[in-house]
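The lines below spell out each chain.
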Amino acid sequence: DTIPEIFYAAEWITAAEERAAIRAARAGADWVTVRGRRLRRLGGPAGEPGFAPEPLPRWAAELCAAAGRTDAMRDRPNHVLVNEYESDGSI
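Okay, so let's go over this structure. This structure is a prediction, so every number in the text was calculated from the model and none was measured. (Residues numbered from 1 in each chain as written. Predicted model: local features only at pLDDT ≥ 70, side-chain atom pairs only at ≥ 80, totals over all residues. Heavy atoms only, no water.)

## Let's talk about the nonpolar core
It is characteristic of soluble globular proteins that their nonpolar side chains tend to be buried jointly.
Then comes step 1: Counting ten residues, the largest nonpolar core consists of Ala-21, Ala-25, Trp-31, Leu-42, Trp-59, Ala-60, Leu-63, Cys-64, Val-80 and Val-82.
Then comes step 2: Broken down by secondary-structure element, the contributors of at least two residues to this core are helix H1 (15–26), helix H2 (58–68) and strand S3 (80–84).
Then comes step 3: With four residues, the single largest contributor to this core is H2.
Then comes step 4: Setting aside residues up to four positions removed in sequence, Val-80 forms contacts with Arg-40, Arg-41, Leu-42, Leu-56, Ala-60 and Cys-64. (Core = buried A, V, L, I, M, F, W, Y, C linked by side-chain atoms within 4.5 Å. Buried < 20%, exposed > 50% of the residue type's maximum accessible area, 1.4 Å probe, protein only. Helix = DSSP H or I, 4+ residues; strand = E, 2+ residues; numbered from the N terminus. Contact = heavy atoms within 4.5 Å.)

## What about the packing of aromatic side chains?
Then comes step 1: This model, assessed by the stated rule, comprises zero aromatic pairs.
Then comes step 2: Seen from the ring of Trp-31, Arg-38 lies directly overhead, with NZ or CZ sitting 4.1 Å from the centre. (Phe/Tyr/Trp six-rings, centres within 6.5 Å; stacked < 30°, edge-to-face > 60°. Lys NZ or Arg CZ within 6 Å of the ring centre and 35° of its normal.)

## Some details on the sheet that holds strand S1 (residues 32–34)
Then comes step 1: Pairing is antiparallel across the open sheet formed by three strands, whose spatial order is S1-S2-S3. Both edges of this open sheet fall to S1 and S3, since each of them pairs with a single strand only. Each strand axis lies, on average, 35° off the axis of its neighbour in the sheet, ignoring direction.
Then comes step 2: Of the strand pairs in this sheet, strand S2 (residues 37–42) and S3 are connected by five bridges, and their pairing is antiparallel. Each residue of the ladder has a partner; that of Arg-41, found in S3, is Leu-81. (Pairing = 2+ DSSP bridges. Axes fitted to C-alpha atoms, helices over the stretch in contact; angles between N-to-C directions.)

## Quick notes on the pairing of S2
Then comes step 1: Pairing of S1 with S2, which is carried by three bridges, proceeds in the antiparallel orientation. What sits directly across from Val-34, in S2, is Arg-37.
Then comes step 2: Between the end of S1 and the start of S2, which pair antiparallel, lie two residues, with Arg-35 showing a positive phi angle near 45°.

Now the structure itself:
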């Protein structure tokens, strides 16, 4: 049995696309520190009242488009959260 709201989409991008996305995500200048981790919030402040999507960087828009083509997504994602944890940190 599966839980209908949880999906696993293996290898939905290539290894080269993954490396490029990681490089692009790390290169951003809009990092903030939140509870012991660094965070980039792309596409607008999702979860806040009056959320209005903001344009995504090209690399993030391409990832959202690719995710939207998988069976795991009902709709194309409209924002991206990038978290970076220290090697001795935890989730």
